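Here are the chains, one letter per residue:
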Amino acid sequence: MSPAAVPTPRSWLARGRASRGLVLAVVFVALLLDNMLLTVVVPIIPTFLYTTEYEGANSSAAPHQPGSPPSATEAPPFSPVFSYVDTNTTDPQNGTGAGHPPQPPTTPPAPSGCLQGEEFLAQENVRVGLLFASKALVQLLVNPGVGLLTNRIGYHIPMFIGFVIMFLSTLMFAFSSTYTWLFIARALQGVGSSFSSVAGLGMLASIYTDDFERGNAMGIALGGLALGVLVGAPFGSVMYEFVGKASPFLVLALLALLDGALQLCILQPSKVSPESTQGTPLLTLLRDPYVLVAAGALCFSNMGVAMLEPTLPIWMMQTMCSPKWQLGMAFLPASISYLIGTNLFGVLANKMGRWLCSLIGMAVVGISLLCVPLAKNIYGLIGPNGGLGFAIGMVDSSMMPLMGYLVDLRHTSVYGNVYAIADVAFCMGFAIGPSAGGVIVRAVGFPWLMVIIGATNIAYAPLCWYLRSPPTTEEKTAILSQECPMQPKSYTTPKPLRDFPLTEDSDVEAEHEE
C-alpha cells in the first residue's frame, strides 16, 4: 500500500466535513440537548418551588411551637381545605389531647403524599406556566433575526453561538435557587435554542436537495428532538428525587461540551458561508397562505403538549397524590410514541401525502387531549399521552420537510427564513400554551382546558387539505420536474456534494474521487 493511500487524521477530518451524514449527526445532537433541557425542568420546577417557597413559608410561620413535631392537624395558612380542626380543641395551648392516643378524624384525611395549599398551587399554575413560556417567547422574538443572519453568514457560526448560549443556560439552571434566576435561565435558553434550531434545520434543507432524502433527514433530526423529549422529563424527575436538583443540569452541561467539540471539528464555525442567492423576504413568506397553514398546524398541535407541561404535574399532585418521580414518568408514553412517530412518518408521509398525515395527526391530537382528564391514576395517562405523542410526531415529521418544499415550489430555495417561521410557529405553541394554560386552569379547571385545546386541534385539522396540491409558477414547475404534486424526485438543480463548503479541502477530496 502506497503512503498516499494511508488515511491521515487530517484527510479523515476533511472527508468528515464533506459528509452530509456527519452534519445530520451534529444537528441531531444539538436538537437532542436543546429538548432535554426543555423537558428536564418539567418535573423539577413545580416541586422545587413548592418545597422552597410554600413549605419554607409554613415552617417560618409557626415559631411558637418549637417543641412539637409537625402534624397533620396543622392546616397551611394558604387554605383551610385540609384542616382537621373539628376533631381537636380550639385552644392549642391548653394541652388538651396531648395524652390521648392518635385517633382518626371524623373527616377522612387527605391521601398520603397529596400536597396541601390549594390556593398556592393555583397561583403556581400561573407562575410555572409563565416560566415555561418565557423560553418560547424569547425564541419567538429572536427567530426572525437568526433567519436573516443565516442568509448573510451561513449556518455554521449561528449553530456554534447556539451551543455557547445553551451551555451557559444549563449552568444557570443548575445553580439557581430563586424563581427570578430560573426565569432568566429559561429565557436565555430560548436565545440559544433559536440559533440551534433555525440554523440546524436550514442547513439540512440546503444539503438534502431531494424531496425523499430531505424527508428522511428531517425525520432523523426530529428523532433527536423526540429523544430529548423522551429522556428529559423522566431523567429530571429521577435525578432530582434521588441525587439533587443540580445533578441533571450538570450532566447536560457535560454533554453540551461534547456537542461543542463535535461542532468545532465538523462545521468549522469560524467560516462565513453566505447564501449564493438572495432569499425570499420574511414578510413575503408570511403572506403565503400555504406557509401559514403549515405553520398553524405546527403551532396548534404542539400547543397541546405545551399546556400539559406546567399543568399536568400540578393536577397529578392534587388529584392523584403522585410522588416526584411519577411527575416526569407521566410524559414517558408521549415521548416514546413521538420518537416512533417522527421516524416512521419521515418515510411514510412522503408516500401517503404529508397533508393527509398532518390532518389525521391533528385529529388524533384533539381526541387524545380530550381523554387526558378521564385518567384516575398514572396508568390511565398511558393511552392519551401515547396517542398525543404519536400524533404530534405525525404532524412534525410531515410539516417540517413540507415547509422546505413550499419554498422550493413557490419561492427562492433559501431556507433560513422559512425555518425561522416554522420555529416561530413551534414557539408560539410553547409560549401561548403554558402561559394561557395556567390562567385557564385557575379560571375553569384542568378538564375544561383539555376540552378547549382538544376541540381547537380537531377544528383546525381540515385546513391541512389545502396543502394537498399547492400551486406553483410555470418556471418552477419546469425546474422541479415533478412527477406528482407532493412527490417530486428532485426539486432543485442537483449540486455536487463539494458545493456544500464545510471546508476548503472538500473540493480537493472531490477531485481525488473523480
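Residues numbered from 1 in each chain as written. Predicted model: local features only at pLDDT ≥ 70, side-chain atom pairs only at ≥ 80, totals over all residues. Heavy atoms only, no water.

Asker: Now, about the overall build of the protein chain: what can you tell me, with residues and values included?
Answerer: Across its full length, the protein chain holds 18 helices and zero strands. Out of the 514 residues belonging to the protein chain, those deemed buried represent 53%. Partitioning the intrachain contacts of the protein chain with sequence separation of at least 6 by distance along the chain shows that 86% fall at a separation of at least 24. Carbon and sulfur atoms provide 67% of the accessible area of the protein chain, an area that totals close to 21,700 Å². (Helix = DSSP H or I, 4+ residues; strand = E, 2+ residues; numbered from the N terminus. Buried < 20%, exposed > 50% of the residue type's maximum accessible area, 1.4 Å probe, protein only. Contact = heavy atoms within 4.5 Å. Areas by Shrake-Rupley, 256 points an atom, 1.4 Å probe, with all protein chains shown as cover.)

Asker: Can you break down the packing of helix H6 (residues 179-207) against helix H15 (residues 416-444) residue by residue, with the values?
Answerer: Two elements in contact, H6 and H15, have axes whose closest approach is 9 Å; the angle formed by their N-to-C orientations is 130°. With respect to their mutual orientation, H6 and H15 come out oblique. Pair H6 / H15 crosses with right-handed handedness. Between H6 and H15, the contacting residues are Ser193, Ser194, Ser197, Val198, Leu201, Gly202 and Ala205 on the first element and Gly416, Tyr419, Ala420 and Asp423 on the second. (Axes fitted to C-alpha atoms, helices over the stretch in contact; angles between N-to-C directions. Parallel < 35°, antiparallel > 145°, perpendicular 65-115°, else oblique. Left-handed = near helix turned anticlockwise from the far one by under 90°.)

Asker: For the pattern of salt bridges, give the residues involved together with the corresponding values.
Answerer: Evaluated as defined, the whole model comprises one salt bridge. Between arginine 410 and aspartate 288 there is a salt bridge, and its shortest N-O distance comes to 2.8 Å. With arginine 410 in helix H14 (residues 382-410) and aspartate 288 in the loop between helix H9 (282-286) and helix H10 (289-319), this residue pair connects regions lying 122 residues apart in the sequence. Under the relative-accessibility criterion, arginine 410 is labelled partly exposed at 27%. Residue classification places aspartate 288 among the buried positions, given a relative accessible area of 3%. (Salt bridge = Lys/Arg side-chain N within 4 Å of Asp/Glu carboxyl O.)

Asker: Break down helix H2 (residues 20-40) for me, citing the residues and quoting the values.
Answerer: The terminal C-alpha atoms of H2, which comprises 21 residues, lie 30 Å apart, in line with the 30 Å expected from a rise of 1.5 Å per residue. By the criterion of burial, H2 is predominantly enclosed, with 15 of the 21 residues buried. (Expected span 1.5 Å × (residues − 1).)

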